[in-house]
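Observations on the model geometry
As a plain string of letters, each chain reads:
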Amino acid sequence: MRGPLVVKRAFSEPLLLLAAFGSILLATTTLVALTMYASSIAEAGVRRTMETASHEQIAATVSTPITAETFPKFDQAVRAELTAAYGRAPDVAASLRSDSYTMPGQEGRQRPELLRFGSYDGLDRHAKLVSGAWPQTGGGTGDTVQAAISLSASSETGFKVGQEFTTRGRLDGRPVRVRVVGVFQLDDPFGARWAGEQLLSRGVERGEFTTYGPLMVTRETFIGRFATNVNATWTAVPDLRALTPEQLRPMAAAISGLEDRLKEQGCGSCVAASHLPELLTQLDTASLVARSTMLIPVLQLLLLAAYALMLTARLLADHRRMEVALLRSRGAGTVRLAVLAGGEALLVALPCAIVAPFLGPPLLALINRLPWIEAAGVRLDPQADLGTFLVSFGVALAAAVLLMAPALAGARRTYVEEQAARGRGGGRGLIERAGADLALLVVAGLAIWQLQRYGAPVTATAAGGLGIDPLIISGPALALLTGGMLGLRLVPRVSRLAEKITSRRPSLAPALGAWQVSRRPLKYAGPALLLTMAISIGIVSLATASTWRTSQLDQARHQAGADLRLSGPPDGPELGALGRGTAFTALPGVRAASPGFRGQVDVGGESAMLVALDAGKLGELFHLRPDLSAQPVSELSRTLVGDRAERLELPGRPAGLTVTAEADAELSARLVLTDALGVWRDVPLGVLKAGENRLEVDLRALAGQNGEISYPISLLGVIAGAPSGKATLTVTGLTADGRQVDAPRLTMKAEQATAAAFAQRPEPGPMPVVLTSGLASSLKLAAGQEGRVSIDRRVLPVKVVGVVETMPTTTAGQQAVLADWETMQTYELATAQPPRPATEWWLATADGGADATAATAELKSHPEWDVTVLDQRALAATLQDDPLASGLQGALMLGFLAALVFAALGFLVNAAVAARERMSEFAVLRALGVSPRQVLGMLAMEQAFVVGLSLLAGTGLAVVVGMLVVPHIVLTGQAAAVTPAVVLDIPWGATAAMLALVTAVLFAIVAGLARTVRKQHSLREEQ
């Protein structure tokens, strides 16, 4: 009989049981989907990171001296240990370099130019032959060695295919007969793979000795002829695209212990190096933080679902109070009533537990269509597994307990007690009377304080690892619940105020509606709290998503500093110092450009980043978020300009310059000049002898082999130093391409380091600078103040024209100073220092990403320029496409949509049940002469009170929680704090649209309910 009785009892209240079924199904499906989503996002994040990781991030190197006897043993051991560490065999290339050999014909020189031989496994996969063929082992005649040479080394040495020569070892003097059989060109000579192979990528190294090569031979040839205790390096590049989050830390530990294991196998001099353990550990932390952060909307949804279900359960229990009391009076015990309630709850919950795992994947397929998830290339295709069913059944069983709890609580009352309990309720609930909401406020405050302190819901465990802190995770959800519960204290007070106001007006419906709410405030408190929490969750979700997207743009602008930032060597064979700017400013879409210097300097004893740019172009170039500085960029651009050196402009477009100078003693001199783009360059004039000196300067060489100079060229001054003490230098004449330059006579008394300008001007005043707030504090300088500051051990007078919280292109906490490029160079010249090189170029492109993309493509088509491009738009796209960073957004949208559905469902059920319970009351009002319109107006007034109060309280609560929580859960893809700091961004347009939509849906429910009540009254009146 129990089974049929449970079923009959359940279907006696179809509306409430259907609402309970909908709530449990929505909760289980959404939470199962969120569980799948968190796991899928973590796996997608690891996969994406491994796919996009650079060569230097994932490669591992092992180096050790080898001989012909030890190489086979070491080679086998290294490859075996690398395979064991990665779990599968990586791509391993052994690189070998010989001792030095003398260039042919220079054996008798004291400092001859040198040659090196080398071998690289699989070189033919990373290079193409320009001419000839790849060397073979034993392919020469007699003892002749076959070798291939890079195109750059061939150009430097003049070696051609087919040429034979003999070279001798610098250490042992052994002769080696070489035949060049091929000339090759590396596919990417400046790529990360060749970062430790400078000689191979450039063909020449100039230092104390000039070394060419290497002449590449086969491995067998190298081992047989050149392996005389030389260095060998194995580089392993693994394929980690199938790596899972569970494998991260074990693999990091295995790679970290690679060197120790090799030493245990007899390679005592082996040195292993890899950045992969750091990357894997960081990625593991980021994966844990991403999953833990996604628990925040899960807990919010859990609380909302639990409360919605409790409201439904309470309504069901209230509806069956008299039924339960009658059953008890007829002999039904507590156990039997509990079995009835439990069976009814399981009848609703178990189907949801079975169905939810199969509804989760289709729901995730809809989430996969979100723009930022789709743009990230993440394809969420999870399948229902055992873990999914466990989560589903766990949630469903918890929901069943919540559904039966109110029924069990009232199972001990007798019929008489139930009759007494149906009287007028109090104005305050049990929680408010006990002060539990205030206690919960303290707990929520502690959780949010810890979140703000630690910056993530992950903290160190007692075992030294990382774990999820449950208190921090629950902070946002507790804050929403606590705020909503505190808002319930307003319901009686606001209802009484509404009652006083409406009672003074002639309209009956508003007065009756306000009186009804004031009379039974606890009846309306439950729906109000449900709506308040749902609205708050919705607005916080929108704010978090918008804040995250805005933060990614801020990070990209801060890291790039400009639309395009180009870095690389300031001088090169293809593009010289005066040729790089001409090529860069001619890129597609470039509308403004500035040479720049960015590097670490010592400022007042503290390490800081020095950034020097053309101050006049800061407004177009410099990406500084307005809230980070008290002065706008336009004002900084104007005030940063200080004293600048006068220029002596050379007429026309000269390719050469002749300098005539007289000296009364031997001294060295350097000529300082600049081009039309503001690039400063010092040109060595060599050692001047006593008497008259005629010096030739090749200006064209300053542009490189294929670069062009941006004319006009201007002379700034001369830096000279007399090693013997003092000397006088006079520049008596200047000739540009044979044309006499009208220049004033420059005379200077040179000591160790002295500078003189062609156009004399007064001593420059204090140099204007912009400091970061931390550096300004340590130097005890504020905006508008002047002082003397040591910069790279040179004391300079400075004037602080601005203070910023953080400087673009710097990392978190890094101090920095910004100066005008020309002004800084003027001070360097005044102190007889060579001008700082243009290590970077900052470019502004026309509106739209197409110009930046075209410029980047043009730069990538010229690898010989040796330029690293940082594109602000591409960087923003990369940050926004990171699954670990963007994963929270999909979870928030799931929670957001589920919250709105819970709100609508709970409001509908509560309003419908409340109206049905008061049908007799409405009949009495009709009998007293109250019109149907007035009855419906009273009903609308009651529900409008709930809706209006919930919308206002929910919006206010969301703003408070958003300010306290959102900036601390927006992290980078590496789970680090964001630079610049996150600024809360509430999209008020979308928020208003969401509130309008919710209001429309709720009042549509009220309108439908009113229509139903009216029809039932009309039917009763007809009867």
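How each quantity is defined
- Residues numbered from 1 in each chain as written.
- Predicted model: local features only at pLDDT ≥ 70, side-chain atom pairs only at ≥ 80, totals over all residues.
- Heavy atoms only, no water.
- Helix = DSSP H or I, 4+ residues; strand = E, 2+ residues; numbered from the N terminus.
- Buried < 20%, exposed > 50% of the residue type's maximum accessible area, 1.4 Å probe, protein only.
- Contact = heavy atoms within 4.5 Å.
- Areas by Shrake-Rupley, 256 points an atom, 1.4 Å probe, with all protein chains shown as cover.
- Phe/Tyr/Trp six-rings, centres within 6.5 Å; stacked < 30°, edge-to-face > 60°.
- Patch = residues over 30% accessible without salt bridge, like charges linked within 9 Å, V, L, I, M, F, W, Y side chains within 5 Å.
- Salt bridge = Lys/Arg side-chain N within 4 Å of Asp/Glu carboxyl O.
- pLDDT = per-residue confidence, 0-100.
- Arc of directions from axis to C-beta.
- Core = buried A, V, L, I, M, F, W, Y, C linked by side-chain atoms within 4.5 Å.
- Pairing = 2+ DSSP bridges.

For the protein, the helix and strand inventory stands at 32 helices and 33 strands. Burial analysis of the protein (1023 residues in total) assigns 52% to the buried set. For the protein, the proportion of contacts with a sequence separation of at least 24, taken over those separated by at least 6, is 80%. Of the roughly 44,100 Å² of accessible surface on the protein, 56% is carried by carbon and sulfur atoms.

On to the packing of aromatic side chains, then. Counted under the stated rule, the structure contains 12 aromatic pairs. When the centroid spacing of 5.0 Å and the interplanar angle of 55 degrees are considered together, the rings of Tyr-120 and Trp-194 count as tilted. One end of the pair, Tyr-120, is in strand E4 (residues 114-120); the other, Trp-194, is in the loop between strand E8 (175-186) and helix H6 (198-202), with 74 residues separating them in the sequence. Take Trp-194: its relative accessible area is 4%, and that puts it in the buried class.

Let us now look at helix H26 (residues 821-830). The buried fraction of H26 amounts to 9 of the 10 residues, a majority that puts the element mostly inside the structure. Trp-821, Glu-822, Thr-823, Met-824, Gln-825, Thr-826, Tyr-827, Glu-828 and Leu-829 are the residues of H26 that are buried. One or two steps after H26, the chain reaches Ala-832, where phi turns positive at roughly 60 degrees.

Attention now goes to unusual backbone geometry. Going from Gly-213 to Pro-214, the amide bond is cis rather than trans, its omega being -10 degrees. Examined against the element boundaries, Pro-214 turns out to sit in strand E10 (residues 210-216). With an omega of 5 degrees, the peptide bond between Tyr-711 and Pro-712 qualifies as cis. Position of Pro-712 relative to the elements: it lies in the loop between strand E22 (691-698) and strand E23 (714-721). Here Asn-229, not a glycine, exhibits a phi torsion of approximately 60 degrees, which is positive. Along the chain, Asn-229 turns up in strand E11 (residues 228-237).

Glancing now at a nonpolar patch on the surface. A cluster of nonpolar side chains, Leu-346, Leu-350, Ile-354, Val-355, Phe-358, Leu-359, Phe-393 and Leu-397, forms an exposed patch at the surface whose accessible area comes to about 640 Å². Considering every element that reaches the nonpolar patch, the biggest residue donor is helix H12 (residues 334-367), with 6 residues. Residue Phe-393 is classed as partly exposed on the basis of its relative accessible area of 31%.

Looking at where Leu-248 falls in the secondary structure, it is placed in helix H8 (residues 248-256). Here the alpha-carbon distance between Leu-248 and Asp-284, two residues 36 residues apart in the chain, equals 6.0 Å. Those residues in contact with Leu-248, other than ones at most four positions away along the chain, are Val-46, Leu-243, Leu-280, Leu-283 and Asp-284.

The subject of this paragraph is the confidence of the model for the protein. When the pLDDT values of the protein are averaged, the result is 81; 81% of them are 70 or greater. Across residues 423-427, where pLDDT falls below 50, the model places 6 contacts with residues more than four positions away in sequence or in other chains.

Following the sequence through the fold, Ser-541 ends up in helix H21 (residues 521-560). Residues in contact with Ser-541, not counting those within four places in the same chain, are Leu-892, Met-893 and Phe-896.

Okay, H8 next. Every buried residue of H8 is listed here: Leu-248, Met-251, Ala-252, Ala-254 and Ile-255. Considered in projection along H8, the buried side chains sweep an arc of 165 degrees and stay on one side of the axis. Opposite the packed face of H8, turned more than 90 degrees from it, sit the exposed residues Pro-250 and Ala-253.

Moving on, we get to the nonpolar core. Across soluble globular proteins, nonpolar side chains have a tendency to be buried as a group. Judged by nonpolar contacts, the single largest core of 84 residues is most densely connected at Leu-657, Leu-667, Leu-671, Leu-715, Leu-729 and Phe-758. Not counting chain neighbours up to four residues away, the residues in contact with Leu-715 comprise Glu-646, Arg-647, Leu-648, Leu-650, Leu-657, Leu-671, Val-672, Leu-673, Leu-734 and Phe-758. Counting 75 residues, the second largest nonpolar core, distinct from the first, contains Ala-27, Ile-41, Val-961 and Val-970.

This brings us to the environment of Ala-80. Mapped onto the elements, Ala-80 comes out in helix H4 (residues 71-86). On the accessibility criterion, Ala-80 (46% relative accessible area) is partly exposed. In sequence terms Ala-80 and Leu-262 are 182 residues apart; their C-alpha atoms lie 9.9 Å from each other.

Further remarks concern the pattern of salt bridges. Two side chains that carry opposite charge are able to pair once their charged atoms sit near each other. Counting across every chain of the model gives 26 salt bridges. When the shortest N-O distance is used, the salt bridge between Arg-565 and Glu-840 registers 2.8 Å. Of this pair, Arg-565 sits in strand E15 (residues 564-567) while Glu-840 sits in strand E32 (residues 840-845), placing them 275 residues apart in sequence. Each member of the pair Arg-565 and Glu-840 is classed as buried. Close ionic contact of Arg-625 with Asp-627 constitutes a salt bridge, the shortest N to O distance being 2.6 Å. Arg-625 sits in the buried class, given a relative accessible area of 15%. Linked by salt bridges that have partners in common, Asp-75, Arg-79, Asp-121 and Arg-219 make up one network.

Where strand E28 (residues 767-772) and strand E30 (residues 794-804) come together, 6 bridges link them in parallel fashion. Across the sheet, the residue bridging to Pro-768 is Lys-799, located in E30. Pairing analysis gives 6 bridges linking strand E29 (residues 786-791) to E30, with the strands arranged antiparallel. Counterpart to Ile-791 in the pairing with E30 is Arg-794.

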